[in-house]
Amino acid sequence: MGNAGNSKILVVEKAIKVVEALRAEQYPVGVNELSRKLFLNVATTYRILRTLMDYGWVYQTSDSKYTIGYRLDLNSDSTQFYSALKDISYIVMRELTERENESANLFVRQNEHGVILQQTRTNKLMDYVQPIGSYAPLYATSCGKVLLSELPEHQLNSLISIMDFKQYTSNTITDKHKFIEELKKVRAHGYATDLGESLENSNCISVPIRGASNEIIAALSFTGILSELTTEKEKHY
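Residue numbering note: each chain is counted from 1, following its sequence as written. Totals for whole chains, interfaces and linings use all residues, but because this is a predicted model, local features are given only for residues with pLDDT of at least 70 and pairs of side-chain atoms are given and counted only at 80 or more. By convention in this description, side-chain values take in all heavy atoms of the structure and omit both hydrogens and water.

Asks: If you had to explain the pairing of strand β7 (residues 203–210) to someone new, which residues and values would you point to?
Replies: When DSSP locates at least two bridges between a pair of strands, those strands are taken to pair. The helix and strand labels rest on DSSP assignments: H or I over at least four residues marks a helix, E over at least two residues marks a strand, and numbering proceeds from the N terminus. The pairing of strand β6 (residues 192–195) with β7 spans 4 bridges and is antiparallel. If you follow threonine 193 over to β7, its bridge partner there is isoleucine 205. Across 7 bridges, β7 lies against strand β8 (residues 216–225) in antiparallel orientation. For isoleucine 209, the partnering residue across the bridge sits in β8 and is alanine 218.

Asks: So what about helix α8 (residues 176–189)? Which residues, and what values?
Replies: Between its first and last C-alpha, α8 extends 20 Å over 14 residues, near the 20 Å set by a 1.5 Å rise per residue. Each residue is assigned to one of three classes by its accessible area relative to the maximum for its type, calculated with a 1.4 Å probe on protein chains only: buried under 20%, partly exposed between the two thresholds, exposed over 50%. Every buried residue of α8 is listed here: Phe179, Glu182, Leu183 and Val186. The buried residues of α8 occupy an angular sector of 100° when projected down its axis, which confines them to one face. Of the exposed residues in α8, those oriented more than 90 degrees away from the buried face are His177, Lys178 and Ala188. Should any heavy atoms of two residues lie within 4.5 Å, those residues are counted as being in contact. Looking at the buried positions of α8, the neighbouring elements they touch are α6 (142–148), α7 (153–161) and β6. Capping the start of α8 is the job of one residue whose side-chain oxygen sits 3.0 Å from the backbone nitrogen of histidine 177: aspartate 175. Each residue after the first adds 1.5 Å to the expected span of a helix. Directions pointing from the helix axis toward each C-beta atom define the arc. Here a polar contact means two N or O atoms within 3.5 Å. Within protein one must be a hydrogen donor candidate and the other an acceptor candidate, and residues neighboring in sequence count only if both atoms are side-chain atoms.

Asks: Can you tell me about unusual backbone geometry, naming the residues and giving the values?
Replies: One non-glycine residue, phenylalanine 39, lies in the positive phi region at around 55°. Secondary-structure assignment places phenylalanine 39 in the loop between α2 (31–38) and α3 (42–54). A relative accessible area of 78% places phenylalanine 39 in the exposed class. Even without a glycine there, the phi angle at serine 64 is positive, about 65°. With a relative accessible area of 45%, serine 64 lands in the partly exposed category.

Asks: Help me get a handle on the pattern of salt bridges, residues and values and all.
Replies: A pair is scored as a salt bridge if a Lys or Arg side-chain nitrogen falls within 4 Å of a carboxyl oxygen belonging to Asp or Glu. Tallied over the full model, the rule gives 8 salt bridges. In this structure, the salt-bridge partner of glutamate 98 is arginine 94, at a minimum N-O distance of 3.5 Å. Taken as a pair, glutamate 98 and arginine 94 lie in helix α5 (residues 80–100) at a separation of 4 residues, close to a single helical turn. Judged by its relative accessible area of 22%, arginine 94 is partly exposed. Salt-bridge contacts for glutamate 181 lead to lysine 184; the nearest nitrogen and oxygen are separated by 3.1 Å.

Asks: Can you break down the packing of α7 against α8 residue by residue, with the values?
Replies: Inter-axis angles, ranging from 0 to 180 degrees, are taken between N-to-C directions of lines fitted to C-alpha atoms, where helices are fitted over the stretch in contact. Packing of α7 against α8 brings their axes to within 11 Å, and their N-to-C directions diverge by 140°. As the angle between them shows, α7 and α8 are arranged oblique. Every pair of crossing elements has a handedness; the one defined by α7 and α8 is right-handed. Only Lys176, Phe179, Ile180 and Leu183 of α8 make contact with α7, whose side of the interface consists of Leu156, Asn157, Ile160 and Ser161. Considering only residue class, the contact of α7 with α8 consists of 5 nonpolar, 2 polar and 1 charged. Under this scheme an angle from 65 to 115 degrees is roughly perpendicular, one under 35 degrees roughly parallel, and one over 145 degrees roughly antiparallel; angles in between are oblique. Whether a crossing is left-handed or right-handed is set by the direction in which the near helix is turned from the far one by less than a right angle, anticlockwise for left-handed and clockwise for right-handed. Classification used: nonpolar for Ala, Val, Leu, Ile, Met, Phe, Trp, Tyr, Cys and Pro, charged for Asp, Glu, Lys and Arg, polar for all others including Gly.

Asks: I'd like to hear about the environment of proline 208, residue by residue, with values.
Replies: Mapped onto the secondary structure, proline 208 falls in strand β7. C-alpha separation for the pair proline 208 and leucine 147, spaced 61 residues apart in sequence, amounts to 7.3 Å. Residues within four places of proline 208 in sequence aside, it is in contact with Val146, Gly190, Ile216 and Ala218.

Asks: Would you mind going over α2 in detail, with residue names and values included?
Replies: Restricting attention to buried positions, one finds in α2 the residues Val31, Leu34, Ser35 and Leu38. Seen from one end, α2 has its buried residues packed into an arc of 100°, which puts them on one side. Directly after α2, the chain includes phenylalanine 39, whose backbone phi takes a positive value near 55°.

Laid out in structure tokens, this is it:
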């Protein structure tokens, strides 16, 4: 193998070292600290980090430090990426809740279930909102529909095959074929709704949060809307 081939291998080895170092860290680290630990040139370390960011393997926090990205986090026990996502989303969610007077949920997928990662709530006396850490069925929630809407067909079919499609309300979609048709509408519209499907008299609307490669990595919703979710409101949200 010529010099060009050897050079490419060295770059790959350096990138692997960067990823392994980030996975070993409990908290995000800066480029200077990382380069010192790996005995790499700062400029080289920075270029590797930026390339890994483009593909979702590395995530840059608001204070310009780095941690593993969602591609790694989805395939490991590490919670660094979702911890960073949870922190960075809170301010935006708080502003949205204060502006619209509606509770907001940040929702991620864990296999055939969804889990509430972050949340901001209102001071309303009536509040049909589950707490952070709660699990919810993907087929009966607007966030779940968003998270499933762009999955490859074989992966979607595999997940749907193990869902129980329990009926929570009279509006819950319990037919697998009807649910697939619902996901087609979500893809076409770019958002999803839950019209009393998981809880009676409670409506939700969700939009996708996308990663560096335009993949859906989370869903953000206004949750527990007690009034009718009209077409005008959907457009507004």
